[in-house]
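# Inside the fold
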Amino acid sequence: MSGEGEQQDWTSKRHEVIAAQQQALEAQRQSEHERATAIIREAIVAFRAAGIEPVPLQARPFTGAGTIRTSLTGWYLKHDLTLAVDEQARFYVLRVPGGLMSRLRGATPEPSPAPMVVGRGARDGETFEIRELLQMRLADPVRP
């Protein structure tokens, strides 16, 4: 086999390996999201049973101060009001662009895949397992 043919064969195999790794990683993320969402659903039932009602959720701008209203209702997970779950058990990082239009019209944050470990890789170094964080909110709800 020529050097060029070997290079093409190696490149082709490398692309296959990378694609397989990407598929495995995506399957792992999806599995984690499904497990975390099931835990969030259980917590919502517990919140309601404890009389902890959902509140209107507000987002924080990426830069600057203040809050931006959203059409979401749910429960904040952190006292800094940056993480929340809505009534449909979707997980949100409540950070949005803070331009004038979003301040006037409000914002619609997109849900994020629910993690089993909240805060992994975050700059503040504060990490919690989702079940632990939800138990903390059941005992000590965030009331804005």
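Structural notes, computed from the coordinates. (Residues numbered from 1 in each chain as written. Predicted model: local features only at pLDDT ≥ 70, side-chain atom pairs only at ≥ 80, totals over all residues. Heavy atoms only, no water.)

Turning next to the overall build of the protein chain. In terms of helices and strands, the protein chain carries 3 helices and 7 strands. The C-alpha radius of gyration computed for the protein chain amounts to 20 Å, which surpasses the reference 15 Å derived for 144 residues by more than 25%, pointing to a less compact arrangement than a globule. The principal-axis extents of the C-alpha atoms in the protein chain amount to approximately 70 × 40 × 25 Å. Split into buried and exposed, the 144 residues of the protein chain put 32% on the buried side. For the protein chain, the proportion of contacts with a sequence separation of at least 24, taken over those separated by at least 6, is 51%. Counting every atom, the protein chain has about 9200 Å² of accessible surface; 53% of that belongs to carbon and sulfur. Separation between the mean location of the 18 positive side-chain charges and that of the 18 negative ones in the protein chain comes to 8 Å. (Helix = DSSP H or I, 4+ residues; strand = E, 2+ residues; numbered from the N terminus. Rg over C-alpha atoms; globule rule 2.2 N^0.38 Å. Buried < 20%, exposed > 50% of the residue type's maximum accessible area, 1.4 Å probe, protein only. Contact = heavy atoms within 4.5 Å. Areas by Shrake-Rupley, 256 points an atom, 1.4 Å probe, with all protein chains shown as cover. Lys, Arg positive; Asp, Glu negative; His and termini not counted. Charge placed at Lys NZ, Arg CZ, Asp CG, Glu CD.)

The tally for this structure, following the rule as stated, stands at 7 salt bridges. Between Glu53 and Arg48 there is a salt bridge, with the nearest N and O atoms lying 3.7 Å from each other. For Arg48, a relative accessible area of 37% gives the class partly exposed. A salt bridge links Glu87 to Arg48, with the shortest nitrogen-to-oxygen separation between them at 2.7 Å. Of this pair, Glu87 sits in the loop between strand E3 (83-86) and strand E4 (91-93) while Arg48 sits in helix H1 (residues 3-49); the two residues are 39 residues apart in sequence, bridging distant segments of the chain. By relative accessible area, Glu87 is classed as partly exposed at 33%. (Salt bridge = Lys/Arg side-chain N within 4 Å of Asp/Glu carboxyl O.)

Before going further, it helps to examine the environment of Gln30. In this structure, Gln30 sits in helix H1. For Gln30, a relative accessible area of 36% translates into the label partly exposed.

Sheets are built from strands paired through backbone hydrogen bonds, the pairs being either parallel or antiparallel. Strand order in the open sheet formed by 5 strands is E4-E3-E2-E1-E5, with mixed pairing between adjacent strands. The sheet is open, and its two borders are formed by E4 and strand E5 (95-96), each paired with just one other strand. The pairing of E3 with E4 spans 3 bridges and is classified as antiparallel. Opposite Val85, over in E4, you have Phe91 as the bridge partner. (Pairing = 2+ DSSP bridges.)

Along E3, one buried face is formed by Leu83 and Val85 and the opposite face, lined by Ala84 and Asp86, is buried too. When strand E2 (residues 68-76) meets E3, the two strands line up antiparallel, connected through 3 bridges. Each residue of the ladder has a partner; that of Gly74, found in E3, is Asp86. Following E3, the chain reverses through 4 residues before pairing antiparallel with E4; Ala89 in that reversal takes a positive phi of roughly 70°.

To continue, consider the packing of aromatic side chains. Tallying each qualifying case throughout the model produces 1 aromatic pair. For the pair Phe47 and Trp75, a centre-to-centre distance of 5.5 Å together with 45° between the ring planes defines the contact as tilted. Taken together, the residues span a long stretch of sequence, with Phe47 in helix H1 and Trp75 in strand E2 at a distance of 28 residues. (Phe/Tyr/Trp six-rings, centres within 6.5 Å; stacked < 30°, edge-to-face > 60°.)

Our next topic: the environment of Arg60. Positionally, Arg60 belongs in strand E1 (residues 55-61). When the C-alpha atoms of Arg60 and Gln7 are compared, they prove to be 50 Å apart, with 53 residues separating the residues in sequence. Ignoring anything within four residues of it in the chain, the contact list for Arg60 reads Gly66, Thr67, Asp80, Leu81, Leu94, Arg95 and Val96.

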